[in-house]
Amino acid sequence: MDNNNKTLFQQVVLLGFQLPRFKIPFFILVLILYSVALSSNVTIVGLVSSSPSLHHPMFFFLSHLSLSDIILTIDIVPMMLHGICNGGITIPMFACITQFQFFAIALTSECLLLAVMSYDRYLAICSPFHYITIMGTKLQYQLVISCWLLSFTISFVTVLFISKLEFCGSNIINHFFCDFVPLLRLSCSDTSIVEIENLALATPTTLFPVLFITATYICIFVTIFRIPSITGRQKAFSTCSSHLSVVGIFFGTLVTLYVVPSNGHSLSANKVLSLLYTLVTPLFNPLIYCLRNQEIRAAFQRYWQLKCLNKFIGKL
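Residues numbered from 1 in each chain as written. Predicted model: local features only at pLDDT ≥ 70, side-chain atom pairs only at ≥ 80, totals over all residues. Heavy atoms only, no water.

Asks: What's the story with the overall build of the protein chain in this structure? I'm lost.
Replies: A count of helices and strands for the protein chain gives 10 helices and three strands. Written out in order from the N terminus, the α and β elements of the protein chain read β-α-α-β-α-α-α-β-α-α-α-α-α. Out of the 316 residues in the protein chain, the part that is buried amounts to 44%. Across the protein chain, every contact between residues at least 6 apart in sequence was considered, and the portion connecting residues at least 24 apart equals 79%. Surface exposure of the protein chain reaches about 16,600 Å², of which carbon and sulfur atoms provide 68%. (Helix = DSSP H or I, 4+ residues; strand = E, 2+ residues; numbered from the N terminus. Buried < 20%, exposed > 50% of the residue type's maximum accessible area, 1.4 Å probe, protein only. Contact = heavy atoms within 4.5 Å. Areas by Shrake-Rupley, 256 points an atom, 1.4 Å probe, with all protein chains shown as cover.)

What follows is the structure, encoded as structure tokens:
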């Protein structure tokens with residue numbers, strides 16, 4: 001196509017969920033889920049940072065997992081709620097690309113943090129006598145900083161390639177946020193370089209954590225089955241069951257959406273699957289850990305009792 005015949009656009013229309021009959025109930029449902037997910041993750045970050053009993057590597061990594069969920073939900077859900085109310089939303093092109101960048105940062109960091117957490121569980125169960133020595137404060141910060149830096153670098157490189165594309169023709173995205181594939185479909189430029197770059201960076205970033213988590217849990221299960229007492233096996237398994245549940249929900253959704261051929265499900269199914277890992281997974285993560293972990297529940301009870309006591313004293 002000749003450059004003179006191209007009509008470049010500066011705004012993008014996100015159609016979102018077109019549910020005229022169920023707009024209000026669906027809006028209320030999404031708003032409730034978003035509020036619970038956001039408040040739960042913020043609570044975990046606050047509890048871990050303020051409770052001495054939670055100054056433990058597992059909870060330190062969990063707080064950063066909650067931070068990535070906070071970034072993910074704040075980046076996508078408010079705009080989605082606006083689109084539900086108005087039957088769609090129009091945003092500038094740079095805002096669409098920016099939304100994708102924060103989405104990529106959150107998604108990549110969650111993949112890497114889940115791998116780091118599996119390493120933490122591996123050390124705790126397979127090398128309990130060396131756990132404190134190996135998983136010191138310095139290593140904790142090194143692992144977390146590496147996760148965030150790598151996530152930012154990968155997303156920045158991808159966004160840099162996307163920003164060099166020309167966007168023309170239809171400016172409508174049949175989705176509720178700016179994902180990678182819908183963005184490329186708007187371009188009238190050659191997107192092969194961007195696709196190769198994304199394949200070269202995104203594939204190992206997703207594949208290596210999955211393989212690493214699988215390998216660590218094979219070692220964990222072998223160690224657990226060698227424990228002679230049933231009580232000891234149950235106690236060891238309970239320390240990693242929450243993480244294993246989160247891994248299954250998160251990667252299971254991603255594999256279904258991005259690995260299974262797109263012709264296997266409709267656009268509506270894509271939206272529902274995307275809704276699972278952008279809203280439901282950030283909601284499940286804190287609930288799974290809070291319901292299965294006595295230390296978090298105890299820290300929350302102490303926080304709530306202290307808050308009620310301060311409120312009572314303030315009224316005197």
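Asks: Could you clarify how one ought to interpret the pairing of strand 1 (residues 11-14) in this entry?
Replies: A regular strand carries its side chains on alternate faces of the sheet. Here strand 1 shows a clear split, with Val 12 and Leu 14 buried on one side and none of Gln 11 and Val 13 buried on the other. The sheet contact formed by strand 1 and strand 2 (residues 89-92) spans four bridges and is antiparallel. Looking across to strand 2, one finds that Val 12 is bridged to Ile 91. Summarising the sheet, strand 1 and strand 3 (residues 172-173) pair through two bridges and their orientation is parallel. The partner of Val 13 across the bridge, within strand 3, is Ile 172. (Pairing = 2+ DSSP bridges.)

Asks: Explanation requested: helix 3 (residues 93-126) in the structure shown.
Replies: Helical geometry: 3.6 residues make up each α-helical turn, so side chains three or four residues apart lie on a common side. Spanning 34 residues, helix 3 covers 49 Å between terminal C-alpha atoms, matching the ideal 50 Å at 1.5 Å per step. Helix 3 sits mainly inside the fold: 27 of its 34 residues count as buried. (Expected span 1.5 Å × (residues − 1).)

Asks: Help me out: how do you make sense of the packing of aromatic side chains in this one?
Replies: What characterises a pair of aromatic rings is the spacing of the ring centres plus the angle enclosed by the ring planes. Applying the stated criterion across every chain yields a total of 13 aromatic pairs. Taking 5.9 Å as the distance between ring centres and 15 degrees as the angle between the ring planes, the aromatic pair formed by Phe 152 and Phe 156 counts as stacked. Of the two residues, Phe 152 and Phe 156 are both situated in helix 5 (residues 137-163); the distance of four residues between them amounts to about one turn of the helix. When its relative accessible area of 43% is taken as the criterion, Phe 152 is described as partly exposed. In this structure an aromatic cluster arises from ring pairing among Phe 17, Phe 26, Phe 100, Phe 103, Phe 176, Phe 177 and Phe 180. A cation sits over an aromatic face here: Lys 271 above Phe 17, 5.9 Å from the ring centre. (Phe/Tyr/Trp six-rings, centres within 6.5 Å; stacked < 30°, edge-to-face > 60°. Lys NZ or Arg CZ within 6 Å of the ring centre and 35° of its normal.)

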